[in-house]
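# Structural features, examined
Next come the chains, spelled out residue by residue.
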Amino acid sequence: FDMGKSYWQIIKNKKHLRHAEHLLFESCRKPTDGLISKNINRHISLWLTQFLVRTPLTANSLTVLLLILGLYTGYLASDTSYWRYALAGFLFNLNSILDGCDGELAKLKFTTSKTGQWLDTIGDNTTLIAFLIGTTIGLWRENDPLLKFVGPLALAGLLILFLIMFYYIVKVAHSGSLRAVQEDFEKGFKT
């Protein structure tokens, strides 16, 4: 067979099957993963995806659940209690790990779609904004004058950045994923 960029493997026993599954899961790694994702989060998400892929859970369903978790994380971050803020930080990182699972599920179950890309992009960025808004509110409650100035300014800058990136992926990249911005940015430096 001419498989192009794909690969195939004859499976005669469990050892071959384990090897094929290993290759399949490893193909879910992204070259655009950052340092933390590449060395920590992706290892955990791939391990979790091995279990999730055998369930009826869809990638889009997981994305919606992660959005709800992200909004709750933002709510927790708005509290001035140390333990609630620590829980918000933990849940924010857990959300980041599980965010890898939705893309991995979509690839492994052959359910990738532009709708899924948009849902993931909007969910990820809403989670980030909710966490930062919650953090800003929590810092605002601390009554530090510098934080009252810097927090809203940083949020405004972030929102402007997101608007520019969303404009780019819609009008230039014709994609539903912010990864298109990173890939085009890297291509610009290589040429």
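This text gives an overview of the structure that appears in the document. Starting from 1, residues in each chain are numbered consecutively following that chain's sequence as written. The model is predicted, so local features are restricted to residues of pLDDT at least 70 and side-chain atom pairs to those at 80 or more, both for listing and for counting; the totals for chains, interfaces and linings are taken over all residues. Processing note: side-chain calculations cover all non-hydrogen atoms of the structure and skip hydrogens and water entirely.

### Quick word on the overall build of the protein chain
Per the secondary structure count, the protein chain includes seven helices and zero strands. Runs of E in the DSSP output that reach at least two residues are strands. Runs of H or I that reach at least four are helices, and both are numbered from the N terminus. Secondary structure elements in the protein chain, listed N-terminal to C-terminal, are α-α-α-α-α-α-α. Expressed along its principal axes, the backbone C-alpha trace of the protein chain runs to roughly 65 × 40 × 25 Å. A simple rule labels every residue: compare its accessible area, found with a 1.4 Å probe on the protein chains alone, to the largest value its type can have, and call it buried under 20%, exposed over 50%, or partly exposed in between. Scored against the burial criterion, the 191 residues of the protein chain give a buried share of 31%. Restricting the contact set of the protein chain to residue pairs at least 6 apart, pairs at least 24 apart contribute 67%. Of the roughly 12,600 Å² that the protein chain leaves accessible, carbon and sulfur atoms contribute 68%. When the 20 positive and 15 negative side-chain charges of the protein chain are each reduced to one mean point, those points stand 7 Å apart. We call two residues contacting when some pair of their heavy atoms lies within 4.5 Å. Computed by Shrake-Rupley with a 1.4 Å probe, the accessible areas treat only the displayed protein chains as cover when residues are assessed. Counting rule applied: Lys, Arg positive; Asp, Glu negative; His and chain ends not counted. The location of each charge is read from NZ of Lys, CZ of Arg, CG of Asp or CD of Glu.

### Concerning the pattern of salt bridges
Salt bridges are counted wherever a side-chain nitrogen of Lys or Arg sits within 4 Å of a carboxyl oxygen of Asp or Glu. Tallying each qualifying case throughout the model produces two salt bridges. Measuring nitrogen to oxygen at the nearest pair gives 2.7 Å for the salt bridge that ties Glu104 to Arg42. Within this pair, whereas Glu104 is found in helix H4 (residues 82-108), its partner Arg42 is found in helix H2 (residues 35-52), the two being separated by 62 residues in sequence. Note on Arg42: relative accessible area 5%, which makes it buried. Salt-bridge contacts for Arg84 lead to Asp79; the nearest nitrogen and oxygen are separated by 2.7 Å.

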